[in-house]
Amino acid sequence: MPLPSAHDWTHAPARRVMLFGMSGLGKTHLAKLLRDGGDWFHYSVDYRIGTRYMGEYIADNFKREAMRVPLLRELLLTDSVYISSNITFDNLAPLSTYLGKPGDPDKGGLPFDEYMRRQDQHRAAEIAALRDTVPFIARAEDLYGYHNFVCDTGGSICEVIDPFDPHDTLMNELAEHVLPVWIEGSDAHTAELIRRFDRAPKPMYYQPDFLTAAWADYLSQTGQPEGAVDPDAFVRWTYARALAHRAPRYRAMAATWGVTVTAEEVAKITGCDSFNALIATKLD
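Within each chain, residue numbers correspond to sequence positions counted from 1 in written order. In keeping with the predicted nature of the model, local features appear solely for residues at pLDDT of at least 70, side-chain atom pairs appear and are counted solely at 80 or more, and the whole-chain, interface and lining totals rest on all residues. Hydrogens and water are ignored here; the side-chain numbers use all heavy atoms of the structure.

*Asks:* Before we move on, could you go through unusual backbone geometry and cite the residues and values that matter?
*Replies:* Even without being glycine, D79 reaches a positive phi, approximately 55°. Summarising the element assignment, D79 is placed in the loop between helix 5 (70-77) and helix 6 (93-99). D79 gets classed as exposed once you look at its relative accessible area, which sits at 69%. Numbering of helices and strands runs from the N terminus, with a helix taken as a DSSP run of H or I at least four residues long and a strand as a DSSP run of E at least two residues long. The classification of residues rests on relative accessible area computed with a 1.4 Å probe and restricted to protein chains. Under 20% of the type maximum is buried, over 50% is exposed, and intermediate values are partly exposed.

Below is the structure:
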């Protein structure tokens, strides 16, 4: 779909955008800012993944761990306790915990095959949650009267679509209904994201070919068997490579389907009006 002009954007009766980019650059913060302005519906792809499409996987994983404790096992078998995750827009820890990290089981690691199985589950869930964007636009308007809509995507959107194919079915479907907006970070932002990840490494989704190659390279470089790998060490080692892998993919998405704003520009947004003005300058 052709991008709207700055004039059309400014005078549109309804504005619909999809924010994408690396986690930590302000997607959710900006989406909450628009939502708090009172007339934007906030659709979180990660929240949808964790509740609608992977909720049972997450809860079953909790139950599996609880069944190892005799007291909890007895209570579960008699339906005396109820176990579920408490995912929120701001706390997606149950989802990332389920994804896990490969390596030494004594350090919380998963066998690589199981890790890849969970990665595949996430891929299917993310695609489904992205496809739900369009019906949620109608739902937000029909049920709640929201005309403006912001889709807050996960950092891995560039892994589940083909950013180099202008005919990618999912991206074209989304671009028919929302304006894709890439939040681009600087080299300084990248360095800060890496420092932040080093302090608290967390599981994330990777493209299968990238992840398989990274795992093979890590084992080759360290000389470790799979079961001896420190899970945190592997994901730290992989993260910087993931940033480099994703940057050209995000750039291609913005070039084909949307616009680019910088993380510095996003940090200066104070509300809906300043956001709309920023997007208008990018469309002008």
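*Asks:* So what's going on with the environment of A240? Residues and values would help.
*Replies:* Mapping A240 onto the fold places it in helix 13 (residues 231-257). A240 sits 97 residues away from L143 along the chain, and the two C-alpha atoms are 42 Å apart.

*Asks:* Residues and numbers for the sheet that holds strand 2 (residues 40-44), please.
*Replies:* One bridge is not enough; two strands pair if DSSP finds at least two bridges between them. Taken in spatial order, the five strands line up as 2-3-1-4-5 in an open sheet, and their pairing is parallel. Unpaired on one side and paired on the other, strand 2 and strand 5 (259-262) mark the two borders of the sheet. When the angles between neighbouring strand axes are averaged without regard to direction, this sheet yields 25°. Contacts are residue-level and defined by heavy atoms, with any inter-residue pair within 4.5 Å sufficient. Only C-alpha atoms enter the line fits that serve as axes; for helices the fit covers just the stretch in contact. Angles between N-to-C directions range over 0 to 180 degrees. Set on the sheet, helix 3 (residues 45-53) makes contact with strand 2 and strand 3 (148-152); between it and strand 2 the angle comes to about 55°. Across the face of the sheet, helix 15 (residues 272-283) comes into contact with strand 1 (16-20), strand 2, strand 4 (179-184) and strand 5 while running at roughly 125° to strand 5.

*Asks:* Account for the packing of aromatic side chains, naming residues and giving values.
*Replies:* Only rings of Phe, Tyr and Trp enter the pairing, Trp through its six-membered ring, and a pair is recorded when the two centres are within 6.5 Å. The plane angle decides the type: under 30 degrees is stacked, over 60 is edge-to-face, the rest tilted. Taken as a whole, this structure holds 19 aromatic pairs when the rule is applied. Both rings, one in F41 and one in F136, keep their centres 6.4 Å apart while their planes meet at 35°; by these two values the pair is tilted. With F41 in strand 2 and F136 in helix 8 (residues 133-144), the pair connects residues that are 95 residues apart, well separated along the chain. In textbook terms, an aromatic cluster arises when at least three aromatic residues are bridged by ring pairs, as seen for F41, Y43, F136, Y144, Y146 and F149. Above the ring of W9, the side-chain terminus of R15 is found at 5.8 Å from the ring centroid. Charge over a ring is defined by NZ of Lys or CZ of Arg lying within 6 Å of the ring centre and within 35 degrees of the ring normal. When the ring centre of W237 is taken as origin, the NZ or CZ atom of R241, which lies over that ring, is 3.9 Å away.

*Asks:* Tell me what's going on with the nonpolar core, and back it up with residues and numbers.
*Replies:* Here the nonpolar core consists of buried residues drawn from Ala, Val, Leu, Ile, Met, Phe, Trp, Tyr and Cys, with membership extended through side-chain atoms lying within 4.5 Å. Counting 81 residues, the largest nonpolar core has V17, F149, M253 and F275 as its most contacted members. For this core, the element with the most residues is helix 13, which contributes 10 residues. Leave out the neighbours within four places in its chain, and F149 touches R15, R16, V17, W40, F41, Y43, T133, F136, I137, A140 and V178.

*Asks:* Talk me through the pairing of strand 1; I want residue IDs and the actual numbers.
*Replies:* Of all five residues that make up strand 1, four are buried, and the element is covered over most of its length. As defined by bridge partners, strand 1 adjoins strand 4 across four bridges and the pair is classed as parallel. What sits directly across from F20, in strand 4, is W182.

*Asks:* Account for the packing of helix 3 against helix 4 (residues 55-66), naming residues and giving values.
*Replies:* Two elements in contact, helix 3 and helix 4, have axes separated by 4 Å at closest approach and are oriented at 65°. With respect to each other, helix 3 and helix 4 are oriented roughly perpendicular. Here helix 3 contributes I49, G50, T51 and Y53 to the contact with helix 4, which in turn contributes G55, Y57 and I58. Split into classes, the residues belonging to the contact of helix 3 with helix 4 amount to four nonpolar, three polar and no charged. For classification purposes, angles smaller than 35 degrees are called roughly parallel, those larger than 145 roughly antiparallel, those between 65 and 115 roughly perpendicular, and all remaining angles oblique. Charged residues are taken to be Asp, Glu, Lys and Arg, nonpolar residues to be Ala, Val, Leu, Ile, Met, Phe, Trp, Tyr, Cys and Pro, and polar residues to be all remaining types, Gly included.

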